Amino acid sequence: MKRRRLPTALLAVLALPAFAAQAYDYKLKPQAVADGVQVFVGKTENFSRENGGNIANTGFIIGRDGVIVIDTGPSKAYGEQQRTAIAKLGKLPISQIYLTHAHPDHVLGSQAYAGVPIAALPGTTQGLTRDGDSLLSNLYRLVGDAMRDTELRLPTMEAKSGEVTVAGRRLRLIPGLGHTDADLMVFDETTKTLFTGDLVFFQRTLTTPNADIPRWLKTLDAIDAIDFKIMVPGHGPVLRDHAGIAQTRDYLQWLRDSLQGAARRGLDMPEVLQLAIPERFQRLAVLSTEYERSVSHLYPAYELETLPTVPKSRP
């Protein structure tokens, strides 16, 4: 049987060397917010293939002997580019990473920091151990190619409440509750800069898949009492006042009261989704999407609260 010869043009293509596909370019540019404190400000958007999952704020603190990173972003590529951007500012090693909580947009870049200690609250480590693979799979589905080669890297040490000196920089680690069951804040004593993680949002609607609103509101009261000069919220622009706390509290209180009231009136979920949202929240990014998600996450529990208690029958 006579073998067919491949066309010359196809032979030329096959002879070309294979090149690895280019990693998604996050175009990360750190923003200096205080002496030795820099922030990568994420987009106030939903996850998408266009933004590569870059929707959260991450940052770093330059100490005397090294650099402390707060959150590592949504993917291996983000973590690598974050590390490269930090290296451009000096030759100090990365000394420590702190993860504020277990949501994927804050933690999946940790793979880029092999050999660097990663600290988190025990609840964060437990959450990632339990749910990390599903969070990773979901982000692959939402973000696509920017997630290429990303794998889950778990924290390697426990972040304990109180003051600690890392790389010659004095920090205060402050645990909180509400956005998740383990929310870590990092306070730089030198500049009075507070990284809140997702306990504070600003100009972006809150996410609530693991929220406990009463605990969250109590934690916001505690944050209000901290003597900070600069606040880095989990999402939204950097602040130099308490506006982010006030906005987060206002939205949580409205959401709680609206869902409780709807449940008492016997509304079903489609009816709750049609409730009017106050004008003061209309400027928040991704409002309709996050409100719908919050209703789906939270409303069933408020409905259960309204059910009459059935007295126990006596034997």
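Note that the structure is predicted; figures quoted are calculated from it, not measured.

1. Focus on the pattern of salt bridges
Right, so step 1: Taken as a whole and judged by the stated rule, the model has 16 salt bridges.
Right, so step 2: The closest approach of N and O atoms between Arg170 and Glu163, which form a salt bridge, is 3.6 Å.
Right, so step 3: Arg293 serves as the salt-bridge partner of Glu290, at 3.0 Å between the closest nitrogen and oxygen. Note that Glu290 and Arg293 are positioned in helix α8 (residues 287-306) at a spacing of three residues, about one turn of the helix.
Right, so step 4: Here the residues in one salt-bridge network are Arg204, Glu290 and Arg293, joined through shared partners.

2. Brief notes about the sheet that holds strand β8 (residues 162-166)
Right, so step 1: A sheet is described by the order of its strands in space; here five strands give the open sequence β8-β9-β10-β11-β12, paired in mixed fashion. Two strands in the sheet have a free side with no partner beyond their single neighbour: β8 and β12 (230-235). On average, each strand axis in the sheet is tilted by 30° relative to the strand beside it, whichever way the strands run.
Right, so step 2: Of the strand pairs in this sheet, strand β10 (residues 183-188) and strand β11 (residues 193-201) are connected by three bridges, and their pairing is antiparallel. Bridge pairing in β11 places Val186 opposite Phe195.
Right, so step 3: This element, helix α5 (residues 213-224), spans β9 (169-176), β10, β11 and β12 of the sheet and lies at about 160° to β11.
Right, so step 4: Set on the sheet, helix α6 (residues 243-264) makes contact with β11 and β12; between it and β11 the angle comes to about 15°.

3. Things to note about the sheet that holds strand β1 (residues 31-34)
Right, so step 1: Strand order in this open sheet of seven strands is β1-β2-β3-β4-β5-β6-β7, and the pairing throughout is mixed. A single partner strand is all that each edge strand has here, and the edge strands are β1 and β7 (157-158).
Right, so step 2: Note that strand β3 (residues 58-62) and strand β4 (residues 67-70) share four bridges and pair antiparallel. In the sheet register, Gly59 faces β4, and the bridge partner there is Ile70.
Right, so step 3: The sheet strands contacting helix α2 (residues 76-87) are β2 (37-40), β3, β4 and β5 (94-98), and the helix crosses β2 at an angle near 145°.

4. Some details on the side chain of Thr180
Right, so step 1: Relative to the elements of secondary structure, Thr180 occurs in the loop between β9 and β10.
Right, so step 2: Here the side chain of Thr180 touches Ala182 through a polar contact of 3.0 Å, landing on its backbone oxygen.
Right, so step 3: Beyond its immediate chain neighbours, meaning those up to four positions away, Thr180 contacts His101, His103 and Asn210.

What counts and what doesn't
Residues numbered from 1 in each chain as written. Predicted model: local features only at pLDDT ≥ 70, side-chain atom pairs only at ≥ 80, totals over all residues. Heavy atoms only, no water. Salt bridge = Lys/Arg side-chain N within 4 Å of Asp/Glu carboxyl O. Helix = DSSP H or I, 4+ residues; strand = E, 2+ residues; numbered from the N terminus. Pairing = 2+ DSSP bridges. Axes fitted to C-alpha atoms, helices over the stretch in contact; angles between N-to-C directions. Contact = heavy atoms within 4.5 Å. Polar contact = N/O pair within 3.5 Å; in protein donor to acceptor, adjacent residues only side chain to side chain.

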